[in-house]
Amino acid sequence: MRRITLTLILGLTCTGLPLLSGCGGGEPAPRRSPVAESGSDEPAAEEPAAEEPAAEEPTTEEPTVAAAETAEPAEAAKPSAAAAASEVAADKANFVGRIVVKGSVPELPPVLKKGTQIKDALCAEHDIADESLVSEGGGLGNVFIFMRKAPKGVDIPGPPEEPLVLDNKICAFVPHAAIVQTGQLMLLTNSDPFPHNTHTNPFKSDPINPLIPGNTTEGLEHKYERAETVPVKTNCDIHPWMLSWHLPVDHPWATISNPDGTFEIKDIPPGEHEFRIWHERVGNIEKGVDITFEPGKVVEMEFTVDAAELTE
């Protein structure tokens, strides 16, 4: 079972404590009696003892004025360090958060063990890890977080000039998970001395399956012209344990979570947008989450995955 924690929307124009009476401070603390302020045992000057009872001594549980003015907000309402450090443009919004595993993260065996007798001996010179489950500190890595559809009526930045390089290196795809924007150049390379094939399995585009000779450093070129709704599975038919995923999108508002589960997407247009959260071992962690973004603010969310789902 998965759950989503409370969303925090933070205005970075406010400084100090975000939950104490906004940015301008609150009502001043009520004045205490002169006895309480000074700590003296003497009553206030000219106070007639016969007509009025003496001021009560303050109890030790009563907060001082300084404590009332500097009290910390509740722990659950504090923004994370990532949200507080996120630099947001005045007319855009940022999305930060974390994918968390509930329960003990399972340990998976390598997809190829060291010493396995195979034709391409380089592949078995060490264990090849199963990158379908990457986790640090209870977080989940290689999760795709992306806006499901490009918003209408906004200027959508063009694709990055820097190409996405998908390499074959020591019998594994590098990177294992990636985002590519439509129109962005992909370079399919091979750092190994023997051939690999890069077999893509998109839903909306035609698949490709080129054979890439050994030591191909310049790379074979490929571009996507259409976005996909889920990441594209890519495998090598020569070495069947090799697997990777990449997601073609027609906008820049997508990312991959870090090994500790953290992520950040910057410069999101204000408005309500639907996001999908997807992982190769789970599928849709969240098929669609509607999130409202306000200019100059940061939205922070946490998504939880049950550890049992990662072993299925």
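Quick note: structure is the one above.
Not measured: the values here are computed from a predicted model.

Below, the discussion takes up the overall build of the chain. A tally of helices and strands in the chain yields three helices and 18 strands. The buried share of the chain, reckoned over its 312 residues, is 38%. For the chain, the proportion of contacts with a sequence separation of at least 24, taken over those separated by at least 6, is 68%. Of the roughly 17,400 Å² of accessible surface on the chain, 51% is carried by carbon and sulfur atoms.

Moving on to the state of the cysteines. Across all of its chains, the model carries one disulfide by this definition. Between the sulfur atoms of cysteine 123 and its disulfide partner cysteine 171 the distance amounts to 1.7 Å. Between cysteine 123 and cysteine 171 the disulfide shows an S-S torsion of about -55°. By sign, it is left-handed. Of this pair, cysteine 123 sits in the loop between strand S2 (93–102) and strand S3 (144–147) while cysteine 171 sits in the loop between strand S4 (164–168) and strand S5 (173–174); the two residues are 48 residues apart in sequence, bridging distant segments of the chain.

A word on the sheet that holds strand S11 (residues 216–222). Strand order in this open sheet of four strands is S5-S4-S7-S11, and the pairing throughout is mixed. Each edge of the sheet is formed by a strand with only one pairing partner; in this case those strands are S5 and S11. Strand direction decides the pairing type here: strand S7 (residues 186–190) and S11, joined by four bridges, are antiparallel. Counted as the bridge partner of methionine 186 is histidine 222 from S11.

Below, the discussion takes up the sheet that holds strand S17 (residues 283–293). Two modes of strand pairing occur in sheets, parallel and antiparallel, and in both the strands are linked by backbone hydrogen bonds. The strand order S14-S3-S16-S17 describes an open sheet built from four strands, whose pairing is antiparallel. At either margin of the open sheet sits one strand with a lone partner, and together these are strand S14 (254–256) and S17. Between one strand axis and the next, the sheet turns by 15° as a mean value, whatever way the strands run. Where S3 meets strand S16 (residues 271–279), four bridges bridge the pair, whose relative direction is antiparallel. Along S16, the bridge assignment pairs phenylalanine 144 with tryptophan 278.

With that settled, the discussion passes to a positive patch on the surface. A contiguous patch of positive charge, built from Lys149, Lys152, Lys204 and Arg226, is present on the exposed surface. Here arginine 226 lies in the loop between S11 and strand S12 (232–235).

Counting residues in hydrophobic clusters, the biggest one holds 26 residues, and the most contacted among them are Phe95, Ile99 and Phe275. Listed in part, the 20 residues of the second largest apolar core include Ala124, Ile128, Cys236 and Met242.

Rules and cut-offs
Residues numbered from 1 in each chain as written. Predicted model: local features only at pLDDT ≥ 70, side-chain atom pairs only at ≥ 80, totals over all residues. Heavy atoms only, no water. Helix = DSSP H or I, 4+ residues; strand = E, 2+ residues; numbered from the N terminus. Buried < 20%, exposed > 50% of the residue type's maximum accessible area, 1.4 Å probe, protein only. Contact = heavy atoms within 4.5 Å. Areas by Shrake-Rupley, 256 points an atom, 1.4 Å probe, with all protein chains shown as cover. Disulfide = S-S within 2.5 Å. Pairing = 2+ DSSP bridges. Axes fitted to C-alpha atoms, helices over the stretch in contact; angles between N-to-C directions. Patch = residues over 30% accessible without salt bridge, like charges linked within 9 Å, V, L, I, M, F, W, Y side chains within 5 Å. Salt bridge = Lys/Arg side-chain N within 4 Å of Asp/Glu carboxyl O. Lys, Arg positive; Asp, Glu negative; His and termini not counted. Charge placed at Lys NZ, Arg CZ, Asp CG, Glu CD. Core = buried A, V, L, I, M, F, W, Y, C linked by side-chain atoms within 4.5 Å.

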